[in-house]
Amino acid sequence: MKNIVGVHFREHTARICICDDYNIYTDTMELPMSIRNADVLKDDKAFRLAFEKIRAHMQENMGISDFETVLAVPDDYGLTEVADLRRRASECEVELRMICHETAAIAFYVNQEFRVDNDVTILSAFVTDSRIGIARYEMGEKIRRMDTVLVTEQAASMSVMACIQKKVPTQLFLHDADAVFFTGSFNASMSFEQAAEKALGKSGIEIKMLDEACVIEGLGFFCGSLENRPVSGMTVLQDEVTPYPLYLSMNQEIVMLGNGLLQKDSATAPSVRLPEGRQGQDCITLYEERKKKLIPVSVLYPDPEKISPLHRKETEASVHADGKGALSIRLTTGSGEELTLDASEKTEADTPKLQEEDVSEFVKNILPIIDNLEYAAKYAEDETNPYAQGIRQSYQKAVEILEQNQVIRITGEGEPFDFNLQNAVAHVADGDLPENTVKQVMQTGYIYRGKVLRPAQVIVAN
């Protein structure tokens, strides 16, 4: 069995760990001067040079030349960053076994070192001057992330205290937590301790600052669990694949899958009637919502023969994570048809050639013309009038051309209001509609490649 090596990059250093049956061994390596100012996890050259040094160090000092790697990464890493990491690792011939978030490594350390009882919940936090990650974990033989309280890259001008007070409601600190464990840079940790004490008051919840070495030691315990080492017991980590809300576009029909996705878990969307693709080409796109924008993660073009039996049927969509980095999208109809698509690392580069230039500004400029055609077609009094028919045909053709170029219409009449895609211009009472339902679309919105060019302007009922 190959050794599994844990790696955590932090402040010009690479911290590494391995595990045997009884101990965790850790070491710290200085990174080459040429890459000290680079983000090793996001820079191709820095990543390659760092792992060349790690390989040489492992061979020289531990006699290990062939190993798998578990990387500790910031908690704001989602599917987008993980896909880039896996590509980068593949190009550098680094066998990437798993991704582990920093708060998860801290939780693993706490679980092993403090022998926490089953069903105890803790808040785990990693804080520096540039970022904060806070998550709630259920401890025991299975360490499971309950939710992400805060993930942020804070502005350099904002202190940890100010960032937490501004973005984290007090009740989230108090929500079913038995203790708070945290680490990171010293100044940020001191500020975090003050903020946590102020938020928790006299609740009696324990607040404990840990040495930053706990991250790499916790990662070592996690590596040991993957190798079934006795020192890690039978502990299993069920962490997040992404902390961000997921959306799925099925031939321009957008549905929300849920907030975040856990390893060995799934996120499911409400059933929708699956439309047919334009010109016989179906397109399934998985998005992450980042800063109120939909960012495409996977763009898939299913085999027409396999997806055609699902057309025009009520279809439930779900995204599944297998715990090893692989993702799949499953489409299931009420009558039993099913299609599973591999969405692990598929991007636009793996699909039929798409228009490369960014046409978003061009689309914004022509939207007033599209609006005029839409209004004229909608409010024409004499539908048999050839001029009205011509306007409707022109509008339908314009919409078709937009969709062919990945510009998706946002409407939603009769559906729940979505602040990510719609802007409420008015609220009205309507006993026939559920609360917070779109009663009328005043102006159609548009999305281009996951970016909202213009939200739909809507009237919301109740």
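In this text the structure is predicted, and so the values were computed from the model without any measurement. (Residues numbered from 1 in each chain as written. Predicted model: local features only at pLDDT ≥ 70, side-chain atom pairs only at ≥ 80, totals over all residues. Heavy atoms only, no water.)

**A few points about the overall build of the chain**
As a reminder, the rule being used: For helices the rule is a DSSP run of H or I covering at least 4 residues; for strands it is a run of E covering at least 2, with both sets numbered from the N terminus onward. Atoms counted for the radius of gyration: C-alpha only. Globule rule: 2.2 Å times the number of residues to the power 0.38. A simple rule labels every residue: compare its accessible area, found with a 1.4 Å probe on the protein chains alone, to the largest value its type can have, and call it buried under 20%, exposed over 50%, or partly exposed in between. Contacts are assigned to residue pairs that have any heavy atoms within 4.5 Å of one another. Note on areas: Shrake-Rupley with a 1.4 Å probe; residue coverage comes only from the protein chains shown. For the purpose of charge, His is not counted, nor are the chain termini; Lys and Arg are scored as positive and Asp and Glu as negative. Every charge is mapped onto a representative atom, which is NZ of Lys, CZ of Arg, CG of Asp or CD of Glu.
Helices and strands together make up the secondary structure of the chain, namely 10 helices and 26 strands. For 462 residues, the compact-globule formula gives about 23 Å, and the C-alpha radius of gyration of the chain, at 25 Å, lands near that figure. With the C-alpha coordinates of the chain rotated into their principal frame, the extents come out at 85 × 50 × 45 Å. Within the chain, the proportion of its 462 residues that are buried is 50%. The long-range share in the chain, meaning contacts at least 24 apart out of those at least 6 apart in sequence, stands at 64%. Total accessible area on the chain is roughly 22100 Å²; 47% of this is exposed by carbon and sulfur atoms. Where the 48 positive side-chain charges of the chain centre and where its 73 negative ones centre are 3 Å apart.

**Some remarks on the packing of helix H9 (residues 360-379) against helix H10 (residues 386-404)**
This is how it is decided: Lines fitted to C-alpha atoms define the axes here, with helix axes fitted over just the stretch in contact, and angles between the N-to-C directions of these axes take values from 0 to 180 degrees. We call a crossing left-handed when the near helix sits turned anticlockwise from the far one by less than a right angle, and right-handed when that turn is clockwise. Following the grouping adopted for this structure description, the nonpolar residues are Ala, Val, Leu, Ile, Met, Phe, Trp, Tyr, Cys and Pro, the charged ones are Asp, Glu, Lys and Arg, and the polar ones are all others, Gly among them.
Packing of H9 against H10 leaves a shortest axis separation of 8 Å and a crossing angle of 145°. For the element pair H9 and H10, the recorded crossing hand is left-handed. On H10, the residues that touch Val363, Ile366, Ile370, Leu373, Glu374, Ala376 and Ala377 of H9 are Ile391, Arg392, Ser394, Tyr395, Ala398 and Leu402. Here the residues of the contact of H9 with H10 are counted per class, giving 10 nonpolar, 1 polar and 2 charged.

**Regarding the pairing of strand S6 (residues 121-127)**
Along any regular strand, the residues point their side chains to alternate faces of the sheet. As a reminder of what qualifies: One requirement defines pairing of two strands: DSSP has to find at least two bridges between them.
With 7 of 7 residues buried, S6 is to be regarded as a mostly interior element. On S6, burial covers both faces: Thr121, Leu123, Ala125 and Val127 on one face and Ile122, Ser124 and Phe126 on the other are all buried. Pairing of S6 with strand S7 (residues 132-138), which is carried by 7 bridges, proceeds in the antiparallel orientation. By the bridge assignment for S7, leucine 123 is matched with arginine 136. Linkage of S6 to S7, two consecutive antiparallel strands, is achieved through a turn of 4 residues. Two strands pair when backbone bridges link them, and S6 and strand S9 (residues 179-184) are joined in this way by 6 bridges, in the parallel orientation. Bridge pairing links serine 124 to phenylalanine 181 in S9.

**Digging into the sheet that holds strand S1 (residues 3-10)**
With respect to topology, 5 strands assemble into an open sheet ordered S3-S2-S1-S4-S5, the strand pairing being mixed. This sheet does not close on itself; its edge strands, each paired only once, are strand S3 (24-30) and strand S5 (95-101). The average angle at which neighbouring strand axes cross in this sheet is 25°, direction not considered. Pairing of strand S4 (residues 67-73) with S5, which is carried by 6 bridges, proceeds in the parallel orientation. Its bridge partner lying in S5, valine 73 is registered against histidine 101. Across the sheet, helix H7 (residues 213-226) lies against S1, strand S2 (13-19), S3, S4 and S5, angled at about 160° from S1, the strand it touches most.

**Description of the nonpolar core**
Stated formally: We call a set of buried Ala, Val, Leu, Ile, Met, Phe, Trp, Tyr and Cys residues a nonpolar core when their side-chain atoms join them within 4.5 Å.
Counting residues in each nonpolar core, the largest one holds 33 residues, and the members touching the most others are Val70, Cys100, Val110, Tyr137, Met139, Leu219 and Phe222. Residues in contact with valine 70, not counting those within four places in the same chain, are Ile4, Val5, Gly6, Val7, Arg97, Met98, Cys100, Leu219, Phe222, Cys223 and Leu226.

**A word on the sheet that holds strand S25 (residues 451-454)**
The strand order across the open sheet built from 3 strands is S21-S24-S25, with neighbouring strands paired in antiparallel fashion. The open sheet has two edge strands, strand S21 (407-410) and S25, and neither has a second partner. Along the sheet, successive strands turn relative to each other by an average axial angle of 30°, direction set aside. Here S21 runs beside strand S24 (residues 445-448); their pairing, made up of 4 bridges, is antiparallel.

**A closer look at H9**
The test is simple: By definition here, a helix of n residues has an expected span of 1.5 Å times n minus one. Bend, in this description, refers to the angle at a residue between axes fitted to the seven residues ending there and the seven starting there.
An ideal rise of 1.5 Å per residue puts 28 Å on 20 residues; H9 measures up with 28 Å between its terminal C-alpha atoms. Taken as a whole, H9 carries its principal kink of about 40° at isoleucine 366; the proline proline 368 stands between one and four residues after it. Within the span of H9, buried status applies to Ser360, Val363, Leu367, Ile370, Asp371, Glu374 and Ala377. The secondary structure elements touched by the buried residues of H9 are H10, S21, strand S23 (437-443), S24 and S25.

**Looking at H10**
Quick note on the threshold: Polar contact is defined as a pair of N or O atoms within 3.5 Å, subject to the rule that within protein one atom must be able to donate a hydrogen and the other to accept it, and that residues adjacent in sequence are counted only when both atoms are side-chain atoms.
With 19 residues, H10 extends 27 Å between its outermost C-alpha atoms, agreeing within 8% with the 27 Å of an ideal straight helix rising 1.5 Å per residue. Summarising the contacts, the buried residues of H10 are in contact with H9, S21 and S24. One side-chain oxygen of the residue at the start of H10 lies 2.7 Å from the amide nitrogen of tyrosine 387, identifying that residue as asparagine 385. Glutamine 406 sits one or two positions beyond H10 and adopts a positive phi of about 65°.

**Focus on the environment of glutamate 383**
Summarising the element assignment, glutamate 383 is placed in the loop between H9 and H10. The class for glutamate 383 is exposed, based on a relative accessible area of 55%. Residues contacting glutamate 383, with those up to four places away along its chain left out, are Gln389 and Arg392.

**Observations regarding the packing of aromatic side chains**
Filter applied, for reference: The rule is short: rings of Phe, Tyr and Trp, with Trp giving its six-membered ring, pair when the centres are within 6.5 Å, and they are stacked under 30 degrees, edge-to-face over 60, tilted in between. Comment: the charge-over-ring label is applied if NZ (Lys) or CZ (Arg) is within 6 Å of the ring centre and within 35 degrees of the ring normal.
Per the counting criterion, the structure on display carries 5 aromatic pairs. One aromatic cluster is present, formed by Phe9, Phe47 and Phe51 through successive ring pairs. The side chain of arginine 290 reaches across the aromatic face of tyrosine 244, ending 3.8 Å from its centre.

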